[in-house]
Amino acid sequence: MSALSFAAASAGAVALGWFLRERSFRRTRVVAPGVRKDVDLPHEGEFELYHNAFSLCSKKVRMCFAELGVAYRAHHVDLIETGRYGTLSRAFLAINPAAVVPVLVHRGHPVYESHEIIVYAAEHAHSRVELVPDDPVAAARMADWVHKSSLLGDRPVDDLQVSAGNCVPGLTLPLFAAMIGDIPTVRIAEGLLFHRLRTRPLVFLVLKAAGLTRLPALRPAMALVRASHRWMARHLDDLETELAQYGPWILGAQFTLADVSWAVILDRLREADWEASLLGEHRPHVTRYWNRIRERPSYRAAMTKYEHPAVRRGTERIIAKRRSDPAFDAAVYGSH
Ligand SMILES: N[C@@H](CCC(=O)N[C@@H](CS)C(=O)NCC(=O)O)C(=O)O
């Protein structure tokens, strides 16, 4: 064996040893939604939230707490879009082996899945604000609207018709493409080694290679954007009808968890520059509703205050690209 091949074999053995050791510390698995009373995690505050500035589901929980007026200890966890896979760190996997945010920790017990967390928070936070109607029929209607806006399952894009939340990843593709260019490939590759859902880092690698410019050439990505747009439009039509009948909020006079859940979807349409195409004159009730949401102090506390520079840069790049490249604009944002 030559010295060179010996060195290569040794380096390979060290890398494999490192990977196997790391993997044993970074085991991921699915977790059941809701509270886990059997799990006790170290904590200092009654409520601790593991969240990310950009994450749709984290925004939902932050807005819920802001509406309730209840304080929590915040732990920011990076996603690859905001810099690195903080969700794959050993420390975070001890909080959530599923490697996703948000997680609420209440008196040491984790609560998983944002739509479960907001219901749990509304019930357990000591607040005089009622985000769930007393009337069981209204509460059931609220639950339907929360469901219709939740990010459901590990592959939400498979069920676009079920929820507007599931249409969000597809409509965020341009923003992902605009943001991921700043992230070193090696950091994305960490996801390929340890992520429970390897398709996600793979998609980011492809988007990084393509950039915004070549996004229109990625046929499966464009098909997803189109399908997500089509279904989002339908979900927004349903919201338009509901708001026209009730309003000013989804259930009428009371601002509820349904509004918390929809607020973050509309905020993502803003971030990914879909407002002109999906809101406006053709959905006047949703547009006015969105304006009312933005005037709430909870919107500022949960969204504006946490605006991440990487997201702002991404949105600005999309806007600039659409202006400077009509073919890109027509292919990605044109009539679907
Ligand atoms: N259904 C879950 C979705 C959790 C989820 O997918 N969170 C995203 C951010 S919104 C995440 O942590 N992604 C990190 C990754 O997949 O690497 C919920 O509603 O909490």
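A. Structural view of the domain arrangement of the chain. Along its sequence, the chain is carved into domain 1 (34–124) and domain 2 (136–183 + 213–333). Computed over C-alpha atoms, the centres of domain 1 and domain 2 are 22 Å apart. Each partner contributes to the interface: domain 1 provides 23 residues, whereas domain 2 provides 32 residues. Across the domain 1 to domain 2 interface the summed buried area is about 2,300 Å²; carbon plus sulfur atoms make up 75%. If you look at where domain 1 meets domain 2, you find 3 salt bridges. Note that Asp267 and Lys59 form a salt bridge whose closest N and O atoms lie 2.7 Å from each other. The tally of links between domain 1 and domain 2 comes to 6 residue pairs in polar contact (both at pLDDT 80 or more). Of all the secondary-structure elements, those providing two or more residues to the side of domain 1 that touches domain 2 are helix H2 (56–68) and helix H4 (114–124). Ranked by residues supplied to the side of domain 1 that touches domain 2, first place goes to H2 with 9 residues.

B. Quick peek at helix H9 (residues 219–245). Taking 1.5 Å as the rise per residue, H9 with 27 residues should run 39 Å; its terminal C-alpha atoms sit 39 Å apart, in good agreement. One or two steps after H9, the chain reaches Gly247, where phi turns positive at roughly 75°.

C. Local environment of the nonpolar core. Among the nonpolar cores identified, the biggest contains 87 residues, and Met232, Leu236, Leu239, Ile250, Leu266, Tyr289 and Ile293 are the most heavily contacted of them. Tallying contributions element by element places helix H6 (residues 164–180) first for this core, with 11 residues. Each of domain 1 (34–124) and domain 2 (136–183 + 213–333) gives at least three residues to this core. Leu239 has contacts with Trp145, Ile250, Trp262, Val286 and Tyr289, leaving out every residue within four places of it along the chain. Among the nonpolar cores identified, the runner-up in size contains 12 residues, and Phe92, Val101, Val105 and Tyr112 belong to it.

D. Highlighting the state of the cysteines. Using the criterion set out here, one finds 0 disulfides in the structure. Lacking any disulfide linkage, Cys57 is separated from the closest cysteine sulfur, that of Cys64, by 13 Å. Residue Cys57 is classed as buried on the basis of its relative accessible area, which comes to 11%. Judged by its relative accessible area of 0%, Cys64 falls in the buried class.

E. Structural context of the site of the ligand. Near the ligand, the surroundings consist of 14 residues, among which Glu113, Ser114, Leu151, His195 and Arg200 are the closest. Contacts to the ligand include Val101, whose backbone N or O atom sits 2.9 Å from a nitrogen atom. Contact with the protein chains hides 90% of the accessible area of the ligand, taken as 510 Å² for the molecule alone. For the shell around the ligand, the elements supplying multiple residues, two or more each, are H2 and H4. Each residue belonging to the shell around the ligand can be placed in one class, and the counts come to 8 nonpolar, 4 polar and 2 charged.

F. Focus on the pattern of salt bridges. Throughout the structure, instances matching the rule amount to 26 salt bridges. Of the charged contacts in the structure, one is a salt bridge between Arg317 and Asp182, with a shortest N-O distance of 3.1 Å. Of this pair, Arg317 sits in helix H14 (residues 309–324) while Asp182 sits in the loop between H6 and helix H7 (185–194); the two residues are 135 residues apart in sequence, bridging distant segments of the chain. With a shortest N-O distance of 2.9 Å, Asp273 and Arg322 are connected by a salt bridge. Of this pair, Asp273 sits in the loop between helix H10 (257–271) and helix H11 (275–278) while Arg322 sits in helix H14; the two residues are 49 residues apart in sequence, bridging distant segments of the chain. Bridged by salt links that share partners, the residues Lys59, Asp267, Arg268, Arg270 and Glu271 form one connected network.

G. How the structure looks around the packing of H6 against H14. The contact between H6 and H14 brings their axes to 8 Å, and the two run at 110°. Between H6 and H14, the angle is such that the two are roughly perpendicular. Between H6 and H14 lies a crossing of right-handed hand. Residues Pro174, Leu175, Ala178 and Met179 of H6 lie in contact with H14, whose contacting residues are Ala310, Val311, Gly314, Thr315, Arg317 and Ile318. Taken together, the residues of the contact of H6 with H14 break down into 7 nonpolar, 2 polar and 1 charged.

H. Quick look at the packing of helix H5 (residues 136–147) against H10. Two elements in contact, H5 and H10, have axes whose closest approach is 8 Å; the angle formed by their N-to-C orientations is 15°. One finds that H5 runs roughly parallel with respect to H10. Of the two possible hands of crossing, H5 and H10 adopt the one that is left-handed. In contact with Met142, Trp145 and Val146 of H5, H10 contributes Leu257, Ala258, Ser261 and Trp262. Classifying every residue of the contact of H5 with H10 by side-chain character gives 6 nonpolar, 1 polar and no charged.

Cut-offs and rules
Residues numbered from 1 in each chain as written. Predicted model: local features only at pLDDT ≥ 70, side-chain atom pairs only at ≥ 80, totals over all residues. Heavy atoms only, no water. Domains from an automatic or database assignment. Contact = heavy atoms within 4.5 Å. Buried area = accessible area lost by both parts, 1.4 Å probe. Salt bridge = Lys/Arg side-chain N within 4 Å of Asp/Glu carboxyl O. Polar contact = N/O pair within 3.5 Å; in protein donor to acceptor, adjacent residues only side chain to side chain. Helix = DSSP H or I, 4+ residues; strand = E, 2+ residues; numbered from the N terminus. Expected span 1.5 Å × (residues − 1). Core = buried A, V, L, I, M, F, W, Y, C linked by side-chain atoms within 4.5 Å. Buried < 20%, exposed > 50% of the residue type's maximum accessible area, 1.4 Å probe, protein only. Disulfide = S-S within 2.5 Å. Near = heavy atom within 4 Å. Areas by Shrake-Rupley, 256 points an atom, 1.4 Å probe, with all protein chains shown as cover. Nonpolar A, V, L, I, M, F, W, Y, C, P; charged D, E, K, R; others polar. Axes fitted to C-alpha atoms, helices over the stretch in contact; angles between N-to-C directions. Parallel < 35°, antiparallel > 145°, perpendicular 65-115°, else oblique. Left-handed = near helix turned anticlockwise from the far one by under 90°.

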